[in-house]
Amino acid sequence: MALEHRCFAQDAQSRRSMRHLIQRAHGELRIAEAGGRLLGYLMLLYRRGTRVARIYSIAVDAQARGRGLARRLIDDAEQSAKAAGCTRLSAEARLSNTGSRALFAACGFDETGRLIDYYEDTDGGYEAGVRLGKRLLFDEGSGSP
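The following paragraphs examine the structure supplied in this document. Small disclaimer: the values here were computed from a predicted structure and weren't measured.

What counts, and at which threshold
Residues numbered from 1 in each chain as written. Predicted model: local features only at pLDDT ≥ 70, side-chain atom pairs only at ≥ 80, totals over all residues. Heavy atoms only, no water. Buried < 20%, exposed > 50% of the residue type's maximum accessible area, 1.4 Å probe, protein only. Helix = DSSP H or I, 4+ residues; strand = E, 2+ residues; numbered from the N terminus. Pairing = 2+ DSSP bridges. Axes fitted to C-alpha atoms, helices over the stretch in contact; angles between N-to-C directions. Parallel < 35°, antiparallel > 145°, perpendicular 65-115°, else oblique. Left-handed = near helix turned anticlockwise from the far one by under 90°. Contact = heavy atoms within 4.5 Å. Nonpolar A, V, L, I, M, F, W, Y, C, P; charged D, E, K, R; others polar.

For the rest of this paragraph, the subject is the pairing of strand S6 (residues 126-135). With respect to burial, S6 is a largely interior element, seven of its ten residues being buried. Judged from the seven bridges that link them, strand S4 (residues 88-94) and S6 form a sheet pairing that is antiparallel. Bridging across to S6, Glu-92 finds its partner in Arg-131.

A separate point is the packing of helix H3 (residues 69-83) against helix H4 (residues 98-106). In a pair of packed helices, the angle between the axes and the distance between the axes together describe the arrangement. Between H3 and H4, whose axes approach to 10 Å, the crossing angle comes to 50°. When the axis of H3 is compared with that of H4, the two are oblique. Taken as a pair, H3 and H4 cross one another with a handedness that is right-handed. Seen from H3, the contacting residues are Ala-70, Arg-71 and Ile-74; seen from H4, they are Leu-103, Phe-104 and Ala-106. The residue makeup of the contact of H3 with H4, split by class, is five nonpolar, no polar and one charged.

Below, the structure is given as structure tokens:
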């Protein structure tokens, strides 16, 4: 929870929501740590009845940024989604979050749509978001789609 609140001033998950995502949601929590210290996490959710996995949240501690950790978490999520038989990976980002959008673009995601008034701001207003998607490619002979 401490990492969540350090990384997300506006969009932090509640303790209850985080507990649900970790314990009951249909997905995986991928973490990065060093020396027993949590450096980052990625919450990957699977949509029942589809072959789409969704990166629900990704957070990297400010002191660990700039080392490629977020990209490694996304790459790891992609491998997990492939192993689960998914053919597509999706995510969302605030329109104003150019860093996140650039990271996803560098990882092969395309912006597939706009989300009007998707994120709540601290002043009670709302901000648009972007929907991101990536087709998952499988190695020849892997036996996967």
